[in-house]
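# A closer look at the structure
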Amino acid sequence: MTKIENTKRVTATLEAGQILNGKQKERCAIRPPEGEKKEVISPHLVQDYCRLFVNRQAYTLQSARPHPETGRHYYFTPKKMRTGAPVELTESTIRRHLDGEITIGLYAINPENQRCKWLAIDADYKNAMEDLLKLQYRLIQDGVEPALEMSRRGGHLWIFLARPLLAKDCRVYIHHIALRLGVPVKGSGRKDGIEVFPKHDAIEPSGFGSAIRGPLGIHRGANRRFWFHGADYTVEAQIAYLNGLRKLTEQELEVLIAGKERPKPDNSPQERSTASGRRARTARLEFRILECVGPVRKVGRNYVTRCPSCAEFGHDRSGDNLAILIRDPRFYKCWAGCTKEMIRAAVGRPIRTEVA
């Protein structure tokens, strides 16, 4: 990798989620929507949320700023400044999610055991709610108590497990029900259909899989919370409702999937064509740092300018923390220690992570 000339020596002492000026800061923090009544998020609510939804310490963050071209609030993986390692999910982060300050995405599978705590069915296409209600009715007939959560364009059905179960077995169950009911599943040559989380039977030890927006937080694009049906619209009432739902056991799942085939990996021509289209769109939206910063000046082999991430906190008033390699602007570095993830998030172009 090309090395950027060091135009300014600044010791990087900051870590993600650091304390600045005596106040806890977060790059994607934002105020809750106006008119929403402030609710006190107690430690036991955070702990209950962890028990229900958190299966591993990896997570994603939704950008507070919309993408300047698409207007969407993409997700990215927060990383530590010094090491570049992913920041681990903590109870403090979950509290801020429930408080409406930030929005997190959660992964279904724990790579250490290939198991998940929950299943989620995401539907956001025409007639999606009709299909979700079909699935909900069938699940109830099987003795399963799903929770229906609204979303921006449709809804999510959540199934909670008595203990973490193998992702591959959970997927067999949902795919079989969808097949019986004629509910389309995204992939397999279909553009629209439900998405089943977990999306994989297993992931690599260092893998992540696909994330889904953490429930009960504020969706940045809609600037509102999406609640579960069946409980009052407070975090406390919602958590109590979810705690009271019957959880699916391993023995029950074994009976439900006995003799059922596993979903086959998709490799249809239409899906390959869709993937090619996604790559083409990605190329058109390639990030160019020089389009996202203020005036630059030449210093040696680099352009230098004010770091957008530093500027969020009123830092880098001299405007020379960010160095951009002239001969290849894809290489840039903040000498105050801001990571690429932080810089991209600050200009509304976060390094994207797939989240439903």
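Here goes a summary of the coordinates provided. Note that this is a predicted model, so its numbers are computed, not measured.

### Details of the pairing of strand 7 (residues 115-123)
Working note: regular strand, side chains alternate between the two faces of the sheet. Most of strand 7 sits out of view: eight of its nine residues are buried. Pairing geometry for strand 6 (residues 109-110) and strand 7, over two bridges, is antiparallel. When the bridges of strand 7 are listed, Asn110 appears paired with Arg115. Following strand 6, the chain reverses through four residues before pairing antiparallel with strand 7; Gln114 in that reversal takes a positive phi of roughly 60°. Across eight bridges, strand 7 lies against strand 9 (residues 155-166) in antiparallel orientation. Residue pairing for strand 9: Leu119 is matched across the bridge by Ile159. Relative to strand 10 (residues 195-197), strand 7 is paired through three bridges, and the arrangement is antiparallel.

### As for the sheet that holds strand 16 (residues 322-325)
Here four strands make up an open sheet; going across it, the order is 14-15-16-17 and the pairing antiparallel. At either margin of the open sheet sits one strand with a lone partner, and together these are strand 14 (297-299) and strand 17 (332-334). Neighbouring strand axes in the sheet, compared pairwise and without regard to direction, differ in orientation by 30° on average. Bridge analysis of strand 15 (residues 302-305) against strand 16 gives four bridges, and the strand direction is antiparallel. The residue bridging Val304 from the neighbouring strand is Ala323, located in strand 16.

### Section: the nonpolar core
In globular proteins that are soluble, nonpolar side chains generally tend to be buried together. One finds Phe53, Trp118, Trp158, Phe160, Tyr173 and Ile194 to be the most contacted residues of the largest nonpolar core, which totals 66 residues. Ranked by residue count, the leading element in this core is helix 4 (residues 167-181), at seven residues. What Phe53 contacts, discounting residues up to four positions off in sequence, is Leu106, Trp118, Trp158, Phe160, Pro215, Phe228 and Leu242. Within the second largest apolar cluster, 16 residues are counted, among which are Ile289, Ile324, Tyr332 and Ala336.

### Some thoughts on the pairing of strand 9
Pairing geometry for strand 8 (residues 147-150) and strand 9, over four bridges, is antiparallel. Following the sheet pairing, Leu148 is matched in strand 9 by Leu157. Once strand 8 ends, the chain turns through four residues before running back antiparallel as strand 9.

### Thoughts on the packing of aromatic side chains
Inspection of every chain in the model, using the stated rule, returns eight aromatic pairs. For the ring pair Phe53 and Phe160, a centre distance of 5.4 Å and an interplane angle of 80° mean the geometry is edge-to-face. Here Phe53, found in helix 1 (residues 43-53), pairs with Phe160, found in strand 9; they are 107 residues apart in sequence, far enough to count as distant. The two residues Phe53 and Phe160 agree in class, both being buried.

### As for the sheet that holds strand 4 (residues 75-76)
Strand order in the open sheet made by the four strands is 4-3-5-11, with antiparallel pairing throughout. On the outer flanks of this sheet lie strand 4 and strand 11 (211-213), each paired with one strand and no other. The pairing of strand 3 (residues 59-62) with strand 5 (residues 104-107) spans three bridges and is antiparallel. Considered in strand 5, the bridge of Leu61 is made with Ile104.

### Notes on the environment of Glu145
Topologically, Glu145 is positioned in the loop between helix 3 (128-141) and strand 8. As for Glu145 and Trp158, which are separated by 13 residues in sequence, their C-alpha atoms are 8.8 Å apart. In this structure Glu145 touches Trp158, Gly244, Leu245 and Arg246, once residues within four positions along its chain are discounted. A polar side-chain atom of Glu145 sits 3.1 Å from the main-chain amide nitrogen of Arg246.

The rules behind each value
- Within each chain, residue numbers correspond to sequence positions counted from 1 in written order.
- Residues qualify for local features only when their pLDDT is at least 70, as the model is predicted, and side-chain atom pairs are given and counted only at 80 or more; totals for whole chains, interfaces and linings, by contrast, use all residues.
- Side-chain measures were taken over the full set of non-hydrogen atoms in the model, leaving aside hydrogen atoms and water.
- Remark: exposure states derive from per-residue accessible area (1.4 Å probe, protein chains only) relative to the maximum for the residue type, with buried under 20%, exposed over 50%, and partly exposed in between.
- Per the convention used, a helix needs a DSSP run of H or I reaching at least four residues, while a strand needs a run of E reaching at least two, with both numbered from the N terminus.
- Each pair of strands is called paired provided DSSP finds at least two bridges between the two strands.
- For every element, the axis is a line fit to its C-alpha atoms; helices are fit only across the contacting stretch, and the angle between N-to-C directions ranges from 0 to 180 degrees.
- Only buried residues count toward a nonpolar core. Its members are Ala, Val, Leu, Ile, Met, Phe, Trp, Tyr and Cys residues joined through side-chain atoms within 4.5 Å.
- Contact definition: two residues touch when any of their heavy atoms are within 4.5 Å.
- Here a Phe, Tyr or Trp ring, Trp counted by its six-membered ring, pairs with any other such ring whose centre lies within 6.5 Å, and the pair is stacked when the planes are under 30 degrees apart, edge-to-face when over 60, and tilted otherwise.
- In protein, a polar contact requires one atom able to donate a hydrogen and another able to accept it; more generally it is a pair of N or O atoms within 3.5 Å, and residues adjacent in sequence count only if both atoms are side-chain atoms.

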